[in-house]
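For reference, the chains in residue letters:
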Amino acid sequence: MADTAKPRGTGRTGTRRRTARKEAGPTLNDEQPKVLLDYYRQMLLIRRFEERTAQAYTQARIGGYCHLNLGEEATVVGLMTALQERDYLFTNYREHGYAIGKGIHPRRVMAELYGRSTGVSKGWGGSMHMFDTEARLLGGYGIVGGQLPLAVGAALAVSYRGGDEVVMCQMGDGTTNIGAFHESLNIAALWNLPVVFVVINNYTGMGTTVEKSSAEPELYKRGSSYRMEGVRVDGQDVLAVRDAAADLVERARAEQKPFLLEAMSHRMKGHSVVDPAKYRSAEQAEEAKANDPVAAFEARLTEAGILTDELRQEIADSVKDEVADAADFAENSPHPEVSTLFDYTYATPVPNESSRMPADPVFAEQ
Amino acid sequence: MSVITYRQALRDTLRSEMHRDENVLLLGEEIGVFEGSYKITEGLLKEFGERRVRDTPIAEEGFVGAAIGAAMLGLRPVVELMTINFSLIAIDQIINHAAKIYGMFGGQTSVPMVIRTPGGGGQQLGATHSQNIELFYSFIPGLKVLAPSTPAEAAAMLRAAIRDDDPVLFLENLGLYNTKGEVPDEEVVAEIGRAAVTREGTDITLIGYSRMAAVTTRVAERLAEQGISVEVVDLRSLRPLDRETIVESVKRTGCAVIAEDDWLTYGIGAEIAASIQEGAFDYLDAPVRRVAMAEVPMPYAKPLETAAMPSAESITTVIHETLSAVGRRVG
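Residues numbered from 1 in each chain as written. Chains lettered and ligands numbered in written order. Predicted model: local features only at pLDDT ≥ 70, side-chain atom pairs only at ≥ 80, totals over all residues.

1. A closer look at the overall build of chain B
Here is step 1: Check the secondary structure of chain B and you find 12 helices and 14 strands.
Here is step 2: The C-alpha atoms of chain B give a radius of gyration of 20 Å, which matches the 20 Å a tight globule of 331 residues would have.
Here is step 3: When its C-alpha atoms are laid out on the principal axes, chain B stretches across 65 × 45 × 40 Å.
Here is step 4: Looking at chain B residue by residue over its 331 residues, the buried ones come to 56%.
Here is step 5: Sequence separation of 24 or more characterises 79% of the internal contacts of chain B that already satisfy a separation of 6 or more. (Helix = DSSP H or I, 4+ residues; strand = E, 2+ residues; numbered from the N terminus. Rg over C-alpha atoms; globule rule 2.2 N^0.38 Å. Buried ≥ 20, exposed ≤ 12 C-beta atoms within 10 Å, placed from the backbone. Contact = placed C-beta atoms within 7 Å.)

Laid out in structure tokens, this is it:
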């Protein structure tokens, strides 16, 4: 088949954007209330965590660039739920929620944002570069598209050893225009590698719309150039994302081949904490707000009688405590020692490696 | 001990390392069915199969990045880039990823991979195929950059590179592939990060690496016949750079000439000259001179290309000029 792009889940081919979520997604009927409440709690945790992050950033407790998952909570939780513990995850730089969703304690994520030695990358990575061997988060990456070839390589290693892990590789909509995207999809398809590429389409790459940057703005169709099945899903619906992602992850595992998933999501704030998003019209901003996935899921669970007032309060309180605890932990954690500055240049020690500080002479004995 | 070519030394080492360690696999354009643009991987597809000798599409960024990702999970990929010029297409993966992943994530994962690639002008390949841009990689902490000049070094250093847990840029040279030399029968593993005094002398220190190390040795032999005693330092490792060995040699001879197959401005020679002035200032009898490529995009026409490249003759001239400048000895 030359064109294997098949819209699945709630997303049909519609050419008008933002139509995907108007259609009915999975119902709550087949779901266990406990599971649904857990999804809700995870989404709320990411929401509050990111709000606290923004606050700490404006208080200059966090430095560098800082991109938040606000508006992306349903997508994050849906995707992470679809992965098995043994599966690997690569992300771009908008990753705090993914780190938490992959099972890393919020304390260690916040400590990384604060640049402390208790952080998930020991304070060496910051917001954009979180990594955890045990949780199998193989990195957030700050260069657009940089994580794709790496994810393909990780899947190559899995395939080389005959393993049954799947690699998920998350990216933004803008990434589908860079060369590494196309090289990676091609290689993954040629070599039958178990990797699920996930495009988070929040309609905007920084301030440039998808229509203005992508000649084929229905991004899931881009897999068809590589005979790779592409699927679009409503990223505002945690159940739809979970179902679509789990289907592709398990098919990647069973069939040993790559897939492309596009999740239609919203970015509630600017590109990063410091971006006031003035390029967005009032209507667009209002639309993002109206598509708040946490509020929508909360309303849905309430309507179904699953989320009672009492439970809502209980969850809100426990999430609030968890986020406060994470911030306290970060605040009270030590900064990395300057004496560790040269600890991570090389894994295999090597003679003549430089450990010269800025004002040191080149020859130590001078 | 047997006498083999630099090419054979590389091939034998790849083969023996693949037999030694199942995690070693080869990736690159035309390395399998075609057996390598320069035939380094000849016979290896037949011996090891497609799983371990993997022809890639023409997608340097993609397959270099894939090698990095595979290395993060513990494989030991050896990537062949057809020439170092094409590394520019993969430079984001090499510099922003291979070199950063160990440190950026607090030492949680290493990247045990080798990128083998030849540099070298002199083949009338024109401006885009005749560059020596190992400088770009030698500039980057997190990478190790090796530049062997003899078959024995090529074998020992490739073995070390494959067994090392860090990303290694392994610089070969088109002009060296057919050169021959003695290679020990036993497996020698080089120590990365060390230069070597390959010929002792008393009048002047002559420093080179890769093809230039071979040329400097010939120059030293010829000058010895004229009674000039040249000490030759082969850098072997461009990162880390073994400044001690260079400076100790200059302290003995009092003057230095650097030969590099590369442009002069901001080059590796500039770094060495700066190191010499800082480490051996009181011992210097003459300014440190550099013999380097003319600063032009390399032309195709043979007379222009020859004129632009450093040669035994140009190195000899600069040695004479340096020695006569201090009045110590005029050849």
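Next comes the rest of the description.
2. Some words on helix H10 (residues 268–280) of chain B
Residues and elements named next belong to chain B.
Here is step 1: Its 13 residues give H10 an end-to-end C-alpha distance of 18 Å, which sits within 8% of 18 Å, the value for a rise of 1.5 Å per residue.
Here is step 2: Among all positions in H10, only Ile 268, Gly 269, Ile 272, Ile 276, Gly 279 and Ala 280 are buried. Angularly, the buried residues of H10 cover 105° about the axis, an arc narrow enough to put them on a single face.
Here is step 3: Buried residues along H10 sit in contact with helix H6 (134–138), strand E10 (204–208), strand E12 (237–239), helix H9 (243–253), strand E13 (256–263) and strand E14 (289–293). (Expected span 1.5 Å × (residues − 1). Arc of directions from axis to C-beta.)

3. Topic: the sheet that holds E12(B)
Residue and element names in this part refer to chain B.
Here is step 1: Taken in spatial order, the 7 strands line up as E3-E2-E4-E5-E7-E6-E12 in an open sheet, and their pairing is mixed. Each having just a single partner strand, strand E3 (53–55) and E12 make up the two edges of the open sheet. Direction aside, the axes of adjacent strands within the sheet are offset by 20° on average. (Pairing = 2+ DSSP bridges. Axes fitted to C-alpha atoms, helices over the stretch in contact; angles between N-to-C directions.)

4. Points about the domain arrangement of chain B
All names here are of chain B.
Here is step 1: What the domain assignment reports for chain B is domain 1 (2–183) and domain 2 (196–325).
Here is step 2: Taking the mean C-alpha position of each, domain 1 and domain 2 sit 26 Å from one another.
Here is step 3: Listed per partner, the contact involves 24 residues of domain 1 and 21 residues of domain 2.
Here is step 4: Elements with a minimum of two residues in the side of domain 1 that touches domain 2: H6, strand E6 (144–146) and strand E7 (168–173).
Here is step 5: Within the side of domain 1 that touches domain 2, the residues separate by chemical class into 9 nonpolar, 12 polar and 3 charged. (Domains from an automatic or database assignment. Nonpolar A, V, L, I, M, F, W, Y, C, P; charged D, E, K, R; others polar.)

5. Considering the packing of helix H3 (residues 60–72) of chain B against helix H4 (residues 91–98) of chain B
All names here are of chain B.
Here is step 1: Running from N to C, H3 and H4 cross one another at 25°; their axes reach a closest spacing of 8 Å. By the angle between their axes, H3 is roughly parallel relative to H4. The segment H3 lies against H4, with Glu 61, Val 64, Gly 65 and Ile 68 engaging Asp 92, Gln 93, Ile 94, His 97 and Ala 98.
Here is step 2: Within the contact of H3 with H4, the residues separate by chemical class into 4 nonpolar, 3 polar and 2 charged. (Parallel < 35°, antiparallel > 145°, perpendicular 65-115°, else oblique.)

6. Points about the packing of H9(B) against H10(B)
Residues and elements named next belong to chain B.
Here is step 1: Where H9 meets H10, the axes come as close as 9 Å, and the angle between the chain directions of the two elements is 60°. In terms of orientation, H9 and H10 fall into the oblique class. Remark: the crossing between H9 and H10 carries right-handed chirality. Contact with H9, carried on its side by Arg 243, Ile 246, Val 247, Val 250 and Lys 251, involves Ile 272, Ser 275, Ile 276, Gly 279 and Ala 280 of H10 and no other residues of that element.
Here is step 2: Partitioned by chemical class, the residues of the contact of H9 with H10 number 6 nonpolar, 2 polar and 2 charged. (Left-handed = near helix turned anticlockwise from the far one by under 90°.)

7. What about the pairing of E14(B)?
All names here are of chain B.
Here is step 1: With 4 of 5 residues buried, E14 is to be regarded as a mostly interior element.
Here is step 2: In the sheet, E13 pairs with E14 via 4 bridges, with the strands oriented parallel. By the bridge assignment, Trp 263 is partnered in E14 with Met 293.
Here is step 3: Crossover handedness for the path E13 to H10 to E14: right-handed. (Right-handed = clockwise from strand over helix to strand, strands pointing away.)

8. Quick notes on the environment of Ala263(A)
All names here are of chain A.
Here is step 1: Residue placement: Ala 263 occurs in strand E8 (residues 259–264).
Here is step 2: Linking Ala 263 and Arg 86, residues 177 residues apart in sequence, is a C-alpha distance of 23 Å.
Here is step 3: Discounting chain neighbours no more than four positions away, the residues touching Ala 263 are Thr 75, Val 198, Ile 200, Asn 201, Val 233, Gly 235 and Val 241.

9. So, the sheet that holds strand E4 (residues 195–201) of chain A
All names here are of chain A.
Here is step 1: Taking strand neighbours across the sheet as the criterion, the 6 strands line up as E2-E1-E3-E4-E8-E7 in an open arrangement whose pairing is parallel. Each edge of the open sheet carries a strand with a single partner, namely strand E2 (137–140) and strand E7 (230–234). Averaged over all neighbouring strand pairs, the angle between strand axes comes to 15°, with direction disregarded.
Here is step 2: Note that E4 and E8 share 6 bridges and pair parallel. Across the sheet, residue Phe 197 finds its bridge partner in E8, namely Leu 260.
Here is step 3: Of the strands in this sheet, strand E1 (88–91), E2, strand E3 (167–172) and E4 are in contact with helix H5 (residues 147–160), which crosses E3 at around 175°.

10. Overview of the UniProt feature "domain: Dehydrogenase E1 component" (unreviewed entry) in chain A
Here is step 1: Taken from the UniProt record, the annotation "domain: Dehydrogenase E1 component" (unreviewed entry) applies to residues 42–338 of chain A.
Here is step 2: Along residues 42–338 of chain A one finds 44% helix and 12% strand; the C-alpha atoms at either end are 36 Å apart. (UniProt positions renumbered as here; feature names shortened; annotations may be inferred.)

11. Quick word on the interface of chain A and chain B
Here is step 1: Listed per partner, the contact involves 41 residues of chain A and 47 residues of chain B.
Here is step 2: Looking at the side of chain A that touches chain B, the elements that each hand over two or more residues are E2, H5 and helix H6 (179–190) of chain A.
Here is step 3: The residue makeup of the side of chain A that touches chain B, split by class, is 23 nonpolar, 14 polar and 4 charged.

12. A few points about unusual backbone geometry
Residues and elements named next belong to chain B.
Here is step 1: Here the amide bond leading from Arg 239 into Pro 240 is cis, since omega sits at -5°, within 30 degrees of zero.
Here is step 2: Examined against the element boundaries, Pro 240 turns out to sit in the loop between E12 and H9.
Here is step 3: Positive phi is not limited to glycine here, since Glu 35 has a value of about 70°.
Here is step 4: Tracing the chain through its elements places Glu 35 in the loop between strand E2 (24–28) and helix H2 (44–48).

13. Let's talk about the environment of Glu31(A)
Here is step 1: Along the chain, Glu31(A) falls in the segment before helix H1 (33–58).
Here is step 2: Separated by 208 residues in sequence, Glu31(A) and Leu239(A) have C-alpha atoms that sit 9.4 Å apart.

14. Focus: the confidence of the model for chain A
Here is step 1: Summary statistics for chain A give a mean pLDDT of 92 and a share of 93% for residues scoring 70 or more.
Here is step 2: Within the model, the stretch residues 1–22 of chain A combines pLDDT values under 50 with 48 contacts to residues more than four positions away or in other chains. (pLDDT = per-residue confidence, 0-100.)

15. Quick word on the nonpolar core
Generally speaking, a soluble globular protein has its nonpolar side chains buried in company with each other.
Here is step 1: One finds Ala154(A), Val167(A), Val195(A), Val196(A) and Leu261(A) to be the most contacted residues of the largest nonpolar core, which totals 199 residues.
Here is step 2: Counting residues per element, this core draws most heavily on H5(A), which supplies 10 residues.
Here is step 3: Residue contributions to this core reach at least three from each of two domains, namely domain 1 (2–183) and domain 2 (196–325) of chain B.
Here is step 4: Discounting chain neighbours no more than four positions away, the residues touching Val167(A) are Tyr88(A), Phe90(A), Ala151(A), Ala154(A), Ala155(A), Val158(A), Pro194(A) and Val195(A). (Core = buried A, V, L, I, M, F, W, Y, C linked by C-beta atoms within 7 Å.)

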